[in-house]
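Overview (structure and organization)
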Amino acid sequence: MYTFRMGKSGKIRIVIVAVCTVFVAVVFIAADYLFTFALDPLAKEDVFSCDEPEQDVVTDSTGQFDAETWLLTQAENVFITSYDGLQLHGYFIPAEIPSDRYVIAVHGYKSSAEAMADYAWHYYCQGWNVLVPEQRAHGLSEGRYIGMGCQERYDMLDWVDLILAENARARILFHGVSMGAATVMLVTGEPDLPENVCAAVEDCGYSSVTDQFTMQLKEQFGLPPFPLIPVASLVTKMRAGYFFGDGNCVRAVSRSVTPTLFIHGDADTFVPFTMLDAVYSAASCEKQKLVVSGAEHAESLDTDPVKYWAAVDSFVETYIPR
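Procedures and definitions
Residues numbered from 1 in each chain as written. Predicted model: local features only at pLDDT ≥ 70, side-chain atom pairs only at ≥ 80, totals over all residues. Heavy atoms only, no water. Phe/Tyr/Trp six-rings, centres within 6.5 Å; stacked < 30°, edge-to-face > 60°. Helix = DSSP H or I, 4+ residues; strand = E, 2+ residues; numbered from the N terminus. Buried < 20%, exposed > 50% of the residue type's maximum accessible area, 1.4 Å probe, protein only. Contact = heavy atoms within 4.5 Å. Patch = residues over 30% accessible without salt bridge, like charges linked within 9 Å, V, L, I, M, F, W, Y side chains within 5 Å. Areas by Shrake-Rupley, 256 points an atom, 1.4 Å probe, with all protein chains shown as cover. Salt bridge = Lys/Arg side-chain N within 4 Å of Asp/Glu carboxyl O. Axes fitted to C-alpha atoms, helices over the stretch in contact; angles between N-to-C directions. Parallel < 35°, antiparallel > 145°, perpendicular 65-115°, else oblique. Nonpolar A, V, L, I, M, F, W, Y, C, P; charged D, E, K, R; others polar.

Let's shift gears to the packing of aromatic side chains. Inspection of every chain in the model, using the stated rule, returns 15 aromatic pairs. Pairing Y119 with W309 gives two aromatic rings, centres 6.1 Å apart and planes at 65 degrees, and the pair type is edge-to-face. Taken together, the residues Y119 in helix 3 (residues 117-125) and W309 in helix 11 (residues 305-319) connect sequence positions 190 residues apart. We classify Y119 as buried; its relative accessible area is 2%. With a centroid separation of 5.5 Å and an interplanar angle of 90 degrees, the aromatic rings of Y123 and W309 are classed as edge-to-face. Highlighted residues: Y123 in helix 3 and W309 in helix 11, separated in sequence by 186 residues. By relative accessible area, Y123 is classed as buried at 1%.

Quick look at the structure:
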């Protein structure tokens, strides 16, 4: 009877295959973990996040009041259906005096429409129609996973269509903060963006989803991007429908023709201040830059509101005058 005996080289190959199999399994488990806690709003823990300030108290000529309450109680609830069949919710407040100027104020990652109340109130006081959408997987908007701007940019096109259905002469401004700013940059790079979108303000947006997650992986875990980032991107494509590479803001602004004001706090370490130069330098559109000294992530308005609104109002009046 013949007895099969495995040689030394055969045993080594089996060990190598086994080790590689275990390694690949571990990488996919780790990548799935990162996906869940970065992009699943129901996750109890949060890997890639920063507590963005809720700026909900503003001052007008009569004193202080709660801007968040103003937004939630005075706004009309509006809904659209996204390109992939989700019902998305937003708050709309028409201008007191009829106007063709509309602003879409876009909140950030795991934030809320209420966080944009200060911005909404300021524009409203300047005579604007104000729309504050709740991004997919946030608030009353449907969606299982966060798109990091990759999918939300297409939602912005639908919000624009909603406005144009009401007023074909609308002159539209985008104003986004953090992930909302990335969403704004990405949509300005879309070739079918209507000419009614006359200008954009991006406040502390990242240069790309890959860059942001790579930085957070290094800062929080001391890990290099390979192989977790490419595998996590693949997992994201399988589960949420997009690759990290779809969220390249540098590429988007390089083909944008929408005049854009780029804002960043020089003390921002969550979306590093260096990312401002990356997107600003790449932008092919008419552009301006505002650096807010001492401002951390998404705190430029709170840190220096006078400087912030002076720059924004001057920029906006250039491209969307009263």
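With respect to the secondary-structure elements, S207 resides in the loop between strand 8 (197-203) and helix 6 (209-221). Among the residues examined, S207 registers a relative accessible area of 4% and is labelled buried. Setting aside residues up to four positions removed in sequence, S207 forms contacts with G247, N248, C249, V250, M275, A278 and V279.

Time to look at a nonpolar patch on the surface. A cluster of nonpolar side chains, L234, M238 and F243, forms an exposed patch at the surface whose accessible area comes to about 280 Å². Within the secondary structure, F243 sits in the loop between helix 7 (228-240) and helix 8 (249-254).

Bringing the environment of V187 into the picture now. Mapped onto the elements of the fold, V187 is located in helix 5 (residues 179-188). Judged by relative accessible area, V187 falls into the buried class, the value being 0%. Remark: the alpha-carbon pair of V187 and V253, spanning 66 residues in sequence, is separated by 9.0 Å. With near-sequence residues (within four places) excluded, V187 lies in contact with R153, M156, L157, F174 and L193.

Packing of helix 4 (residues 152-166) against helix 5 leaves a shortest axis separation of 8 Å and a crossing angle of 70 degrees. Here helix 5 runs roughly perpendicular to helix 4, going by the angle between their axes. Contacts between helix 4 and helix 5 involve E152, R153, M156 and L157 from the former and M179, T183, V184, L186 and V187 from the latter. Partitioning the contact of helix 4 with helix 5 into residue classes produces six nonpolar, one polar and two charged.

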